[in-house]
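Notes for the structure review
One letter stands for each residue in the lines below.
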Amino acid sequence: MTAVLGDFLAAAGEHLDAAVVVGDGQVTELPQVAQELHRLVVVMTRYLDDLTPWDGAEASGRTDLRPWERVAIDADAALHAAAGHLGRSAEEPGAQTSATTSWRARQLAAAATQLIAGRDLLHSHLALDLHGATRGRSEWAPAVTSLPVTRALTSEIAHWSRQLAPFTAWLAGSAMPHALRLMPGHGTPAAVYEGLASASQWLQVAGAAVLPAVHADPVRAADTDLLRAIPSAVVPQRRRPGPAGESVAELCHGITVSAARLRAAVRGSPDRARWSPAVTSGGWQWIAQAAAVTSHLGELALRSLATRASELPAPPATAAQLGHAADRLVPMRAAWHEVDHSWDVLITESRLIQTPVMTEASDLLLRMGRLVWDNPHWTPARADRAPPRPPAGLAPGADAVRCVLAAAHQAVDALACVAMTDLQAVQTADRAGRLYMPTRLLSEDDNVPRRFATAPLARFRALQNAYRSVRETSITARLALDGLAVAARAPSMTLALARAAATDQSPRRSQPQDSNLLDPPPDYSPFRHSRASTGGAGPLEQAIRDRQVSDPAILLRAVVLDNAAERLIEQEDDATPATGLPERRENWQRAVRRAALLADESFPHGPVTRPPADTQRTRPANSPTPPAVSRTSPPRRHSGHRS
Amino acid sequence: MAVEQAGLLERRLRDAVGVAGVLAAGWEIFEFVAAAAAASAGQAADLYPAFTFARGSAVSGRNAIALAPSLPASIPAPPEGPAPTAAEADEIADVIAGLAVMLSERLREAARLAADPDDRAACEDAARDAARISELLAGGMQ
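Note that the structure is predicted; figures quoted are calculated from it, not measured.

Glancing now at the overall build of chain A. Helix and strand counts for chain A stand at 23 helices and 4 strands. With 643 residues in all, chain A has 53% of them scored as buried. Nonlocal contacts in chain A, meaning residues at least 24 apart in sequence, comprise 84% of its contacts between residues at least 6 apart.

Before going further, it helps to spend a moment on the confidence of the model for chain B. Of all residues in chain B, 89% attain a pLDDT of 70 or more, and the chain-wide mean is 89. Two numbers describe this predicted complex: its pTM, 0.77, and its ipTM, 0.93.

Our focus in this paragraph is the nonpolar core. In summary, soluble globular proteins display a tendency toward joint burial of nonpolar side chains. Ala75(A), Ala82(A), Val404(A), Leu405(A), Val33(B), Ala54(B) and Ile96(B) are the most contacted members of the largest nonpolar core, which has 228 residues in total. Here this core gets 20 residues from one element, more than from any other, and that element is helix H17 (residues 398-431) of chain A. Excluding its chain neighbours within four sequence positions, the residues that come into contact with Val404(A) are Val248(A), Cys252(A), Ala301(A), Leu305(A), Leu371(A), Leu394(A) and Ala395(A).

Residues and elements named next belong to chain A. Under the domain assignment, chain A is made up of domain 1 (5-229) and domain 2 (248-501). A C-alpha centroid distance of 44 Å is found between domain 1 and domain 2. Counting only elements with at least two residues in the side of domain 1 that touches domain 2, the list comes to helix H7 (147-182) and helix H10 (221-229). Of all the elements, H10 adds the most residues to the side of domain 1 that touches domain 2, at 4 residues. In terms of residue class, the side of domain 1 that touches domain 2 is made up of 7 nonpolar, 1 polar and 2 charged.

Mapped onto the fold, Ala10(A) is located in helix H1 (residues 5-19). Spatially, the C-alpha atoms of Ala10(A) and Ala111(A) are 9.5 Å apart, while their sequence positions differ by 101 residues.

To continue, consider the environment of Arg333(A). All names here are of chain A. Position of Arg 333 among the secondary structure elements: in helix H14 (residues 319-342). Each C-alpha atom of the pair Arg 333 and Arg 104 lies 58 Å from the other, and the pair is 229 residues apart in sequence. Aside from chain neighbours lying at most four places away, what touches Arg 333 is Ala 292, Ser 295, His 296 and Glu 299.

It is worth spelling out the interface of chain A and chain B at this point. On the side of chain B, 29 residues touch chain A, which itself brings 31 residues to the contact. If you tally residues by element for the side of chain A that touches chain B, the top one is helix H13 (residues 281-309) of chain A, at 8 residues. Looking at the side of chain A that touches chain B, its residues break down into 15 nonpolar, 7 polar and 9 charged.

Since there are 3.6 residues in each turn of an α-helix, residues three or four apart along the chain are aligned in direction. Residues and elements named next belong to chain A. The end-to-end C-alpha distance of H1, which contains 15 residues, comes to 21 Å, matching closely the 21 Å that a straight helix rising 1.5 Å per residue would cover. Inspection of H1 places Leu 5, Phe 8, Leu 9, Ala 12, His 15, Leu 16 and Ala 19 among the buried residues, and these make up the whole buried set. Buried residues of H1 fall within an arc of 130° about the axis and therefore sit on the same side.

This brings us to the environment of Trp27(B). Residue and element names in this part refer to chain B. Considering the arrangement of structural elements, one finds Trp 27 in helix H2 (residues 18-41). Using a count of 23 C-beta atoms within 10 Å as the deciding quantity, one classes Trp 27 as buried. Considered as a pair, Trp 27 and Ala 126 are 99 residues apart in the sequence and their alpha carbons are 9.4 Å apart. Apart from the residues within four sequence positions on either side, Trp 27 is in contact with Arg 62, Ile 65, Leu 71 and Ile 75.

All names here are of chain B. Between helix H3 (residues 48-66) and helix H5 (residues 117-137), the shortest axis-to-axis distance is 8 Å and the interhelical angle comes to 165°. What the angle tells us is that H3 and H5 run roughly antiparallel. For the pair H3 and H5, the sense of crossing is left-handed. Residues Ala 50, Phe 53, Ala 54, Ser 57, Ala 58, Ser 60, Gly 61, Ala 64 and Ile 65 of H3 form the contact with H5, whose participating residues are Ala 122, Asp 125, Ala 126, Asp 129, Ala 130, Arg 132, Ile 133, Leu 136 and Leu 137.

The rules behind the values
Residues numbered from 1 in each chain as written. Chains lettered and ligands numbered in written order. Predicted model: local features only at pLDDT ≥ 70, side-chain atom pairs only at ≥ 80, totals over all residues. Helix = DSSP H or I, 4+ residues; strand = E, 2+ residues; numbered from the N terminus. Buried ≥ 20, exposed ≤ 12 C-beta atoms within 10 Å, placed from the backbone. Contact = placed C-beta atoms within 7 Å. pLDDT = per-residue confidence, 0-100. Core = buried A, V, L, I, M, F, W, Y, C linked by C-beta atoms within 7 Å. Domains from an automatic or database assignment. Nonpolar A, V, L, I, M, F, W, Y, C, P; charged D, E, K, R; others polar. Expected span 1.5 Å × (residues − 1). Arc of directions from axis to C-beta. Axes fitted to C-alpha atoms, helices over the stretch in contact; angles between N-to-C directions. Parallel < 35°, antiparallel > 145°, perpendicular 65-115°, else oblique. Left-handed = near helix turned anticlockwise from the far one by under 90°.

In structure tokens form, the structure reads like this:
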């Protein structure tokens with residue numbers, strides 16, 4: 001199963017719940033607890049750092065921030081303050097004396113490790129390009145940077161802060177007797193107590209900072225569902241349709257895997273279409289045929305579910321809803337047929353080379369066929385045909401209806417993705433002059449002294465229109481299934497939630513904000529050291545404190561302004577051109593540094609992440625894909641002309 | 001009707017002489033298979049995948065032959081007939097599968113005889129497509 005963020009958040013929550021139970025007599029292990037608490041709060045700040053593109057001072061001048069975007073900034077500043085105090089407490093001499101590792105410290109460490117892994121998961125969807133700008137590297141990237149995810153994640157972190165605040169206060173209370181017992185000759189480390197007490201206050205501030213947003217724009221259940229469902233961008237390992245039969249549940253799971261792999265496989269197709277010899281007319285046409293057949297199988301599955309829904313006492317979707325969704329797949333199939341036919345007269349320099357896209361589409365088709373037809377070894381061949389699987393066998397109960405509905409939804413979603421990328425890809429191929437037509441198929445009026453001519457414009461337009469049609473019909477079918485999956489709470493509803501969320505983007509940091517940690521600038525300004533960089537009080541915060549002001553809101557404001565001043569100075573530093581380094585190279589270095597920093601700060605200490613999926617792709621023996629054939633004498637581009 | 005057309009094409013293939021003759025007959029057969037498979041695909045839901053992919057292989061085979069330098073300039077138009085009915089779908093599948101087996105064999109023979117490498121490549125590619133059609137449409141359980 002693909003790891004999802006919810007796995008890590010739930011595990012972190014369990015460890016956190018266990019750690020903050022007080023009164024169990026384990027106060028003697030304060031040093032380790034304080035250190036691990038500091039580590040945990042630092043991780044929480046990094047989550048909020050990711051969500052906040054501006055600091056408080058920058059944000060204060062903006063009028064376009066929405067409630068959650070603003071409170072994330074406030075909570076982030078408060079958490080940084082808490083982390084600073086905890087860091088100093090953990091560094092006190094008394095904090096280093098015990099060699100044993102307490103149960104409570106281990107719980108906090110485990111919570112931090114789970115959160116680190118969860119943040120790594122979120123970052124797996126994003127990458128920095130050569131210019132240092134953040135780029136999505138999965139279809140989930142727009143959901144990760146959406147406002148609903150900001151809402152849910154900020155709310156979650158605020159909840160943890162509220163949990164940790166009283167616990168930290170309790171730790172502060174135990175700090176004094178602990179220190180006296182361990183170091184009777186060294187006096188009382190008041191800084192440990194004060195640090196923990198201040199951290200507790202800041203954690204409370206962070207927890208309370210979100211309240212204005214909670215009232216103005218409450219977190220929806222769908223936000224939390226979406227947050228927890230965010231998968232790793234690691235493509236799941238291929239599950240080959242083997243000779244042994246699979247149950248309906250296994251088929252549905254396999255379809256989900258194949259759909260995810262297909263979506264991943266088509267990423268970058270438009271770019272590859274310009275140059276890759278593996279991108280062929282035969283491959284595009286075969287995909288169109290496979291998509292038409294898969295659409296048909298999806299339609300049959302939904303009609304069977306509709307029949308079953310009319311028999312069940314409390315189906316998750318009505319027969320009419322399922323029938324309506326099935327109807328939406330009819331024009332989708334017809335459109336794919338049109339694409340298939342449009343390719344009849346067009347070729348590329350290579351006829352057909354097996355590609356990962358074809359492999360995944362083949363797996364998807366086989367499993368959809370085995371879901372619909374009552375033959376565990378079904379293939380598209382006539383010899384393997386079978387009667388339809390009875391509706392009661394397909395979906396005995398409501399959960400099975402959801403499962404099969406999700407499988408159809410996943411298949412249609414993946415095909416819609418293929419439709420969109422293939423449209424771009426064929427446009428790219430045409431611009432690159434890679435589409436031809438056999439002279440034999442031209443009209444007799446076309447006098448081309450070669451076996452190939454550049455594809456006539458009319459033919460390309462017909463192909464392009466066919467792809468546009470398949471894109472529109474696929475999106476329509478996908479929308480129908482999106483709504484149905486959410487209404488039925490099918491496992492695939494997260495696809496719909498992610499798509500809906502993606503339209504509501506929340507600004508994120510697009511440039512590395514902490515690269516200064518690698519290249520510290522010269523220390524010429526009092527604002528060079530803010531709480532954000534040192535964990536200690538910045539100059540403004542210190543000035544406020546010197547005036548005996550203890551109002552958390554005012555202190556928070558001071559912290560924000562200190563941090564903003566420091567960043568302003570850093571921006572000015574960054575604006576100064578580096579000698580001898582072109583901008584492009586600098587951006588690349590920034591991207592590399594950012595990646596290295598992230599890896600350094602986020603790499604979990606435990607085996608909580610998984611190795612990349614096996615990328616081996618081998619065509620199964622019963623695959624519906626045709627044998628790969630490449631033309632040994634590619635046509636020359638100059639033959640013929642476009643008319 | 002399609003069965004009669006297939007019979008006519010089978011005779012033409014059997015009577016074809018030389019690489020050019022086999023290529024011409026192959027072109028006609030692939031055109032016929034593509035049309036018949038397209039017409040039959042909608043007749044029976046359980047045969048829809050087989051006919052859809054068979055049509056694709058027929059188009060691929062025809063395009064492979066289009067590359068052959070020895071393909072004659074003039075090829076008889078494929079015989080036309082009415083769309084098949086559902087009852088005929090299995091019969092048509094049998095006929096096409098048989099025709100494709102024969103075509104694949106003749107194209108392999110032609111590939112061995114071809115002097116021009118492009119003719120040889122075209123025959124080999126088209127033979128694979130014909131074999132694929134027979135795999136897809138060969139008879140099976142009911």
